[in-house]
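Summary of the model geometry
Here is what each chain is made of, one letter per residue.
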Amino acid sequence: MEKIIATEVPPHGLDNEILTYLTANANELKLDDAVVYYGFPVFKDYEHETIKSKILILSRVHGLVLLQTSVKSNLEVDDENLSQVFSFIDSAIRKSKLLRKNKKELHVQFESAIFCTEQLDGDDLENETITSINGIQTYLDELSHDESPLGDEIFDEARAIIEGSKALSKPSRRIKISDDPSTKLNILIELEKEVSNFDIDQRKIAISLINGPQRIRGLAGSGKTVVLAMKAAHIHLQHPDKKILFTFYTKSLYELIKESVSRFYRHFAGDEPNWEKIDILHAWGGRKIDGVYYNACIENSLSPIAFQVAKSNNPNDPFSFICAKLEERTLKQKYDYILIDEAQDLPNDFFKVCYQLAKGELGSDKNIVWAYDDLQSIFNVYQRTPEELFGSDSDGNPKVDLRKFKANLSYGQSNDLVLYKCYRNPLEVLVTAHAVGFGLYADKPVQMLENQEHWEDVGYTVESGELVAGTQAKITRSRENSPLSIYQQQSKSDLVKLYGAASIDEECSWITDGISAALAEGLKPHDILVISLDDLNARTYFSKISRTLAQHGIRSNNLLTSISAAPPFTLDDMVTLSTVHRAKGNEASLVFAAGIDAIYQYKNHRSGRNKLFTAFTRTKAWLRVSGWGDKANYFFREIEESLLNAPSLIFEVPNIEEIETIQRDLDSKSSEIYKLHQMVGELRDQGFSEEEIQLELNLAFGKGE
Amino acid sequence: MSAIFDRSVRKTVDFAYETGIALQCGPISSLKASSDFKKAARQSNSYSQVYDVGAKNQDFNLMLKDHSFFQFTETVERKDVRLAYYPNPYSFIEYQDDRQTADSMLASGDITLQEFEQLISEGNLTFDIPIIRYDLSTEQYCSKYHPAAHFHIGFRAENRWPVNRVLSPFAFFMKVLFLYHPIIWQEKGGYEKEGELENSFEEAYIRELSLCSLLEDDNFQETEGRRLHFR
């Protein structure tokens, strides 16, 4: 029996008694494969009053059963409430074609009952009554249809509707233009259907509410942002008066987050959330943009430290510097719930600021939920254990200790959750992104997971036995953890294509030709994303590509045109042109990663590898990689080897300490390289041409003629 | 929308690319601005708000490397035309006493994109470069109060500076280039001929202007000719 606890269960009440009874007797009650919800779903009625469910059972043999506990003095109100909830759920499931038998009947039986142990007189209640714990069994037995349990399709659909996943799957407005299942359009239609039905784990995490801190881990594409957005909406439904903060790192995610919160909330409440109660704020902010840091300064009568000052104090991490300064002060507690997305990109000092802003005396009282990408955090500059994130109290004990706090939780709830499945990328693409991101097929891996457990956390199975440095390892990603079925229609070489060009013009033509061909196959321009891996030449790439596209009547959304606020990542009927940084957190069906040659100089460096990983994992289906000459070929060889080995990764286990030493060395080198870049930039500003600068550099190395 | 108008848009885009000043190419035909942009143009309190919406929604035919952009719209040939130039309000930012554009700091790797965005959101910005727009609207024409063709100069200008000519996108673009980008004009257009300093842009501009005919008498009356106006 699966339990989804969406609100606090009063410890000694009837609700607790029933839940305990159901759990203890699940087998006898034939509820082994049932889902039991507590405090879910929540709706709003016409008067905007919140209507909450108590216990809802979705069972293959009993259908849907709503139970409402009550006491005699409140019986009429509870009876009415139960009928309200009943009609809300009833009308929601009636909207599904799949669940409707005909105009009046449903494929899922739906009943409701009041549970009250006191002696009842009269019988003018709308709902049936159960008067003892054992009465529940009698009631359920009467409803039981052992001989014809609900099939998977009906059961999953009913579950999806109750949990509101329909609110999140955007109805695809795509219309088939042929019956050939292998056209890009038809593949995409199937893909979108799959993604919208796959998210049981995500929904469960979003709906389950616990008191105290909670960590959610998962790879890129496992839906962390959406889960947090659903969570925010759900908290707002449960507790309309509580103040919620949703904070994040990538400015361009703002619209997506706001839209997701709003859509999920509307699905249940029928109207817009009260934005007075939900702050969706960038972590930093600025004079023109609200942000957690900025607002906290203003509200605590402190002046925000200007960027220039922060940068000169800590050139590598100015944001960490200002958060540390802010955290030294005592800040007013402001939020009942704080949700932090992209935690891997935010400094520890920011978490300490959030800790202060969260209401509650002790760490265990503070409702802080943070989502982070396991993989991106491994070799990140920031340490990721909760102890390190939030620091220690005056006695030296960690302020947040998930293991210790877990003891406070019941009904199988957890404060440390992992999203194993990755829905965004086809398996072959994800495995290749990992191979290239780690540099597994390079001369030497650039980064590595520490141990077997870590590989399993990110959805792989170690097949070769213990991972010992110097031995050959085979690690395989199962289809279950990358469940898209696109591989049935598309071979590895359909999914990933490589192109080595002789010039930027040739490369741009290959890209624009590819775009035209994809549009002819039924894709929309906004399904397509061009990422420039080459930051220095991104403008040149986009300028050329936008012109050629315009000549074919195709518009493009160049994310570098807007220099102030974060631009929308997709605009209707425009191809998106983006740098890697701007593309973070976003996705598209067809992704062109251009200018891979520019990464060559960082091929042994984490920053370069991480960039490739981020770029490759933006695609929901097809990936196209291009670049010039030998520098591009260097990576093409790695990609080809990876595709050959996919879904496995086969490599010699490196010595992790050795990698660490090399990387530390490179880190110190890279600041020198930045200085060089800066000087080249200055020379350019002074009017030197690239050829002249090149010549000077050659002379410096004695290569001049 | 006429083929002549679209050709002139294409000529403008080609010219900007050949000169090496183009950053992004929008539609090479009459532009349909988004409803967001139209709303911002009506309601915004500051020029930068309008500019931001245009830049974010790709509401332009052409953006130059300095992030200024052009909009060219023809609803009815020779009757309803709108040509507009939106300068970049974030051109320069004071940074450590240096007048260094945030852009070049980003390009040189001195700051990350994240930090660049931060700098922009904190920066002291100058908004004092005026927007310029050419409108032709024979529908709204009134010889006393509303000239058929006119320039709007500056943000939210109720002012209409009469013009006695149907300007093409290319002619408008060249005029703007001359006024707002004199260095490009001189450096890219200038050449020496028999010891004299000539300018090929100037020649192209004059040629283009000669193709832009005057308004019909019905739309520019004799009394207007006696007032101050552009010809």
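Definitions and limits used
- Residues numbered from 1 in each chain as written.
- Chains lettered and ligands numbered in written order.
- Predicted model: local features only at pLDDT ≥ 70, side-chain atom pairs only at ≥ 80, totals over all residues.
- Heavy atoms only, no water.
- Axes fitted to C-alpha atoms, helices over the stretch in contact; angles between N-to-C directions.
- Helix = DSSP H or I, 4+ residues; strand = E, 2+ residues; numbered from the N terminus.
- Contact = heavy atoms within 4.5 Å.
- Nonpolar A, V, L, I, M, F, W, Y, C, P; charged D, E, K, R; others polar.
- Buried < 20%, exposed > 50% of the residue type's maximum accessible area, 1.4 Å probe, protein only.
- Core = buried A, V, L, I, M, F, W, Y, C linked by side-chain atoms within 4.5 Å.
- Pairing = 2+ DSSP bridges.
- Phe/Tyr/Trp six-rings, centres within 6.5 Å; stacked < 30°, edge-to-face > 60°.
- Lys NZ or Arg CZ within 6 Å of the ring centre and 35° of its normal.

Residues and elements named next belong to chain B. Contact geometry for helix H1 (residues 3-19) and helix H6 (residues 169-180): axes closest at 7 Å, N-to-C directions at 35 degrees. Each of Phe 5, Ser 8, Val 9, Lys 11, Thr 12, Phe 15 and Ala 16 in H1 lies in contact with H6, whose residues at this interface are Pro 169, Phe 170, Phe 173, Met 174 and Leu 177. The residue inventory of the contact of H1 with H6, partitioned by class, reads nine nonpolar, two polar and one charged.

Another aspect to go through is unusual backbone geometry. For the bond from Phe40(A) to Pro41(A), the omega torsion is -5 degrees, close enough to zero to count as cis. Tracing the chain through its elements places Pro41(A) in the loop between strand S2 (35-38) and strand S3 (42-44). Phi angles above zero are rare outside glycine, and Gln58(B) is one such case at about 60 degrees. On the secondary structure map, Gln58(B) appears in the loop between helix H3 (47-56) and strand S2 (62-64). Residue classification places Gln58(B) among the buried residues on the basis of a relative accessible area of 2%.

Attention now moves to the nonpolar core. Residues and elements named next belong to chain A. Judged by nonpolar contacts, the single largest core of 61 residues is most densely connected at Tyr 37, Leu 64, Ile 89, Ile 216, Phe 246, Val 261 and Leu 339. A total of eight residues in this core trace back to one element, the largest contributor, which is helix H7 (residues 224-238). If near-sequence neighbours (up to four positions away) are discounted, Leu 339 is found in contact with Leu 228, Lys 231, Ala 232, Ile 235, Ile 244, Leu 245, Phe 246, Thr 247 and Val 369.

This brings us to the sheet that holds strand S18 (residues 528-532) of chain A. All names here are of chain A. The strand order across the open sheet formed by six strands is S17-S22-S21-S18-S20-S19, and the pairing between neighbours is parallel. Edge positions in the sheet fall to strand S17 (496-501) and strand S19 (555-558), since each of these pairs with one other strand and no more. Averaged over all pairs of adjacent strands, the angle between their axes in this sheet comes to 20 degrees, without regard to strand direction. Note: S17 against strand S22 (residues 619-628), six bridges, orientation parallel. In the sheet register, Leu 498 faces S22, and the bridge partner there is Val 625. Sheet strands in contact with helix H22 (residues 606-616) are S18, strand S21 (588-594) and S22, and its direction is about 135 degrees off that of S22.

With that out of the way, let us pick up the packing of aromatic side chains. For the coordinates displayed, the defined rule picks out 42 aromatic pairs over all chains. Judged by centre distance (4.7 Å) and plane angle (5 degrees), the ring pair of Phe43(A) and Phe88(A) falls under stacked. With Phe43(A) in strand S3 and Phe88(A) in helix H2 (residues 75-94), the pair connects residues that are 45 residues apart, well separated along the chain. Relative accessible area serves as the criterion here: at 7%, Phe43(A) is assigned to the buried category. Taken together, a centroid distance of 5.9 Å and an interplanar angle of 55 degrees make the contact between Phe43(A) and Phe268(A) tilted. One end of the pair, Phe43(A), is in strand S3; the other, Phe268(A), is in helix H8 (residues 254-269), and 225 residues separate them in sequence. Here the two residues Phe43(A) and Phe268(A) agree in accessibility, since each one is buried. Linked through ring pairs, Phe15(B), Phe70(B), Phe72(B), Tyr85(B), Phe170(B), Phe172(B), Phe173(B), Phe178(B), Tyr180(B), Trp185(B), Phe201(B) and Tyr205(B) together constitute an aromatic cluster. The ring of Trp275(A) is capped by Lys258(A), whose NZ or CZ atom sits 4.8 Å from the centre of that ring.

Remember, this is a structural readout, not a statement about activity or role.
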